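One letter stands for each residue in the lines below.
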2 protein chains.
Amino acid sequence: MSSPSSAEGSTSTATGTATSTARGRPARLEPSRTVETALRLLDESGLDALTMRRLADAEGVRAGALYRHFATKQELLTAMAERMLAGVAAEAAASGAAGDWGERLAALARSMRTALLARRDGARVYAGTHSTGPNTLGFSEAVTGVLREAGFGDEDAARALMAVGAFTLGHTLEEQAALQPECADGETPADPERLRHAVASGPYPHLATGLPALAGGDFTAHFEFGLRLLVEGLRSLEGNRGR
Amino acid sequence: MSSPSSAEGSTSTATGTATSTARGRPARLEPSRTVETALRLLDESGLDALTMRRLADAEGVRAGALYRHFATKQELLTAMAERMLAGVAAEAAASGAAGDWGERLAALARSMRTALLARRDGARVYAGTHSTGPNTLGFSEAVTGVLREAGFGDEDAARALMAVGAFTLGHTLEEQAALQPECADGETPADPERLRHAVASGPYPHLATGLPALAGGDFTAHFEFGLRLLVEGLRSLEGNRGR
DNA sequence: ACCTGAACACCGTTCAAGT
DNA sequence: ACCTGAACACCGTTCAAGT
C-alpha cells in the first residue's frame, strides 16, 4: 500500500547481482535465479498462470530474453522439476537410515511425495517433464541401490523403482487435484460435492459406502496404505525366492 | 492429392445428420459427436494440438459455437476422459470372471491401462480431469465391489482403489511419455539416449545396471510386476486379518 | 435456440537490431 | 554475448447480432 513502484524486484535481497528493475539498464538473467523465480510464481499463481511473459516481467526482462537461456518453455519446466527434487535423496537417507530396506524404500517415496506437495501443482509440473539431472537421477539411484543391496535382482529392482515412482506420482497428482482451490469466491459447486451427489444418485452401492473413507480421510494415510502394499508385495517376492 | 477441397468433412459417412461442411448453411453441433471428433483429433495430432478452434473447424463451425455445449475446454476434456473409459468395467468383468478377487482386480487395472493407451496422450487427458460420469464411477464401483466382496473393509477397499488407480495412471503416464514420437525428423537426441548418457557419465552404478531392464523391457511386463506387488500386498493384509 | 462475426486479452517463439 | 522491439501465428473465451 505504501509505495507501489518499489514492490516489484524485492525478492533478491541478499544477492548483489539483483535485477535492478528500474533505471539500471541491462538487467542480466541468471538461469538458476530464473528457475527459482519461476517456482515462486508457480506457488503464487499455479501452473496455468506461469507464462514466459510473466516470468520475464518478474525478472525485469522481455520475454524473448529467456530463450537465450532456455530453448523452450518445456526446458524451463524440466529445470523446475529437477530443482524441486533437491535434497530428496539425502533427506530420505537420513530419515530411513535406521530401518531395513522396506523402511528405507518407504522413506524415499515419502520424501519424493513431500517434495512434490511442497509446491503448488508440483506433481503436474513433474509429470510433464523428464529430467536427467542429478536430483532426479540421484533419487532413482537411491531407490535402485536400496533394493539391490537388499538382494533383489537388476530386473526386479528396476521394475520396483518404476512401480514406486508411478504410484507416488499418481497419488500426489490426485492429491493436489483434490486440494486445488478451484472456485475462488465459492462459485463452482467444487469437485467433492458433485462427486458425492453423482455417487449417491447412481447405482454405486460399493462406492457409496467407501466414498467417505476416500474423500474425507487424510491423504497421508492413503499414501501410507499404498506404500505398504508395494513393500509387502516386494517382501512376498523375497519370500518366494527363498531367503 | 486428387481434389484438395473435398478432403474436409469426410468422417461422418454413415450418419445422416452430417456436418454438411459447405453450402448447407447451419451445420448443427451435437455434443456426443463433438467429443468423438475431439478424440479423433487427439489421436491424429496429440493433446497440445487439440484446440477449440481446430475442433470447431473439424465440425464445420466457428469456435464460439462450441461454448453453447461445453462451458469450457476443461469440460470438453472431461467428457473425452469419460468417453475413453467406455466399456472398461464390462471388459474387465468378462476377462476376469474366472479368477479370484486378485485376478478380477488385476483385470480391472489392465483394462483401464488398455483404455488409456488406446488413445494418443490418453493418460495425460485423464490425469487432467475429474469425471463423475458413469464410465469413471462404474470403474471405481467395480474395483470397490471386488474388494468388499472379498471381505476387505470399507476403508481398505477405498484405499486400495486409490492405490491401484494412482499406480495405473502414473504408469501409463510414464509409458506414453516414453513412447512419444518427439522428434519427427530425427532432430532431437530423444529422451532415452540422453538418459543413457547422463546415467553412464554420472555416479549412478545401481541405476546403470538397472537401466537396460527399465528402458529396454516391455512396459506390459513392468505394469504386471507393479500390479502383482499391489495384489500380493493386499493378500498379506488379508493374512494378517486372519482369514 | 443456436450459430456467426468480431473482438478482447492474451499466448510461445523468432529475429533483426542495438549495446 | 545478451537484451530490446516488434512481429508472427496462434490461443480460450465472450457477446452482440443475425436466423
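Residues numbered from 1 in each chain as written. Chains lettered and ligands numbered in written order. Predicted model: local features only at pLDDT ≥ 70, side-chain atom pairs only at ≥ 80, totals over all residues. Heavy atoms only, no water.

**Student:** Got a minute to help me understand the protein's contact with DNA strand C in this structure?
**Tutor:** The full set close to DNA strand C counts 18 residues, and R53 and T72 of chain A together with L29, R62 and R68 of chain B are the nearest of them. Here DNA strand C approaches the protein such that, of its atoms within 4 Å, sugar and phosphate make up 58%. Take R53 of chain B: an N or O atom from its side chain is 3.4 Å from a base nitrogen of DNA strand C. Side-chain polar atom of H69 of chain B to a phosphate oxygen of DNA strand C: 3.0 Å apart, as the coordinates give it. The element contributing the most residues to the surface near DNA strand C is helix α2 (residues 52-58) of chain A, with three residues. Residue composition of the surface near DNA strand C, by class: seven nonpolar, four polar and seven charged. (Near = heavy atom within 4 Å. Polar contact = N/O pair within 3.5 Å; in protein donor to acceptor, adjacent residues only side chain to side chain. Helix = DSSP H or I, 4+ residues; strand = E, 2+ residues; numbered from the N terminus. Nonpolar A, V, L, I, M, F, W, Y, C, P; charged D, E, K, R; others polar.)

**Student:** Looking at this structure, I do not really get the packing of helix α5 (residues 101-117) of chain A against helix α7 (residues 134-149) of chain A. What am I missing?
**Tutor:** For any two helices packed against each other, the geometry is given by the interaxial angle and the distance between the axes. Residue and element names in this part refer to chain A. Contact pair α5 / α7: the axes reach a minimum separation of 9 Å and the direction vectors enclose 165°. Relative to α7, the element α5 is oriented roughly antiparallel. The two elements α5 and α7 cross, and the hand of that crossing is left-handed. When α5 is examined against α7, the residues W101, R104, L105, L108 and M112 are found in contact with a partner set consisting of F139, A142, V143, V146, L147 and E149. (Axes fitted to C-alpha atoms, helices over the stretch in contact; angles between N-to-C directions. Parallel < 35°, antiparallel > 145°, perpendicular 65-115°, else oblique. Left-handed = near helix turned anticlockwise from the far one by under 90°. Contact = heavy atoms within 4.5 Å.)

**Student:** Looking at this model, I keep getting lost on the nonpolar core. Mind explaining?
**Tutor:** Side chains of nonpolar character tend, in soluble globular proteins, to be buried together. In terms of nonpolar packing, the biggest core is built from 131 residues, with M80, L147 and L234 of chain A together with M80, L147 and L234 of chain B touching the most fellow members. Broken down by element, this core gets its largest block of residues, 11 residues, from helix α8 (residues 154-179) of chain A. Among residues more than four places away in sequence, those in contact with L147 of chain A are W101, L105, F152, A157, A160, L161 and L234 of chain A. (Core = buried A, V, L, I, M, F, W, Y, C linked by side-chain atoms within 4.5 Å. Buried < 20%, exposed > 50% of the residue type's maximum accessible area, 1.4 Å probe, protein only.)

**Student:** I tried to follow the relation of the copies chain A and chain B on my own but got confused; where do I start?
**Tutor:** Between the two copies of this chain, the relationship is a rotation about some axis together with a displacement along it. Least-squares fitting of chain A to chain B yields an RMSD of 0.0 Å, with the transformation described by 0.0 Å of translation along the axis and a rotation of 180°. In the structure described here, the two chain copies are related by an operation that fits a two-fold rotation axis. Comparing interface residues between copies, 100% of those in chain A also lie at the interface in chain B; the contact surface is shared. (Least-squares fit on C-alpha atoms with pLDDT ≥ 70 in both.)

**Student:** What's the story with the interface of chain A and chain B in this structure? I'm lost.
**Tutor:** Many descriptions give the size of an interface as the accessible area lost when the pieces come together. Taken together, the 56 residues of chain A in the interface contact 56 residues of chain B. Mapped onto the side of chain A that touches chain B, the elements with two or more residues apiece are α7, α8, α9 (191-201), α10 (205-216) and α11 (219-240) of chain A. In terms of residue class, the side of chain A that touches chain B is made up of 28 nonpolar, 16 polar and 12 charged.

**Student:** Can you help me understand helix α5 (residues 101-117) of chain B in this one?
**Tutor:** An α-helical segment advances 3.6 residues per turn. Residues three or four places apart therefore align on the same side. All names here are of chain B. The end-to-end C-alpha distance of α5 is 24 Å, a good match for the 24 Å that 17 residues give at a rise of 1.5 Å each. Among the 17 residues that make up α5, 12 are buried, leaving the element largely enclosed by the rest of the structure. Taken together, the buried positions of α5 are occupied by W101, G102, L105, A106, A107, L108, A109, S111, M112, R113, A115 and L116. (Expected span 1.5 Å × (residues − 1).)

**Student:** How should the confidence of the model for chain A be read in this particular structure?
**Tutor:** If pLDDT is low for a region, its predicted coordinates should not be looked at in detail. Averaged over all residues, the pLDDT of chain A is 88; the fraction at 70 or higher stands at 84%. Counting interchain partners and residues more than four positions distant, the pLDDT-below-50 stretch residues 1-23 of chain A has 10 contacts. (pLDDT = per-residue confidence, 0-100.)

**Student:** Before we go on, may I ask you to explain the environment of T37 of chain A in this structure?
**Tutor:** Residue and element names in this part refer to chain A. Along the polypeptide, T37 turns up in helix α1 (residues 31-45). A C-alpha to C-alpha distance of 7.6 Å links T37 and E59, two positions 22 residues apart in sequence. Excluding residues within four positions of it along the chain, T37 makes contact with L55, A58 and E59.

**Student:** So what exactly am I meant to see when it comes to the environment of P205 of chain B here?
**Tutor:** Position of P205 of chain B among the secondary structure elements: in helix α10 (residues 205-216). For the pair P205 of chain B and P134 of chain B, spaced 71 residues apart in the sequence, the C-alpha separation amounts to 48 Å.

**Student:** Looking at this structure, I do not really get the protein's contact with DNA strand D. What am I missing?
**Tutor:** Taken together, 18 residues form the shell around DNA strand D, and within it L29, R62 and R68 of chain A together with R53 and T72 of chain B come nearest. The sugar-phosphate backbone supplies 56% of the atoms of DNA strand D found within 4 Å of the protein. In this structure, M52 of chain B approaches DNA strand D through a main-chain N or O atom, which is 3.1 Å from a phosphate oxygen. Here a base nitrogen of DNA strand D sits 2.4 Å away from a polar atom, N or O, in the side chain of R53 of chain B. Its residues assigned to classes, the surface near DNA strand D shows seven nonpolar, four polar and seven charged.

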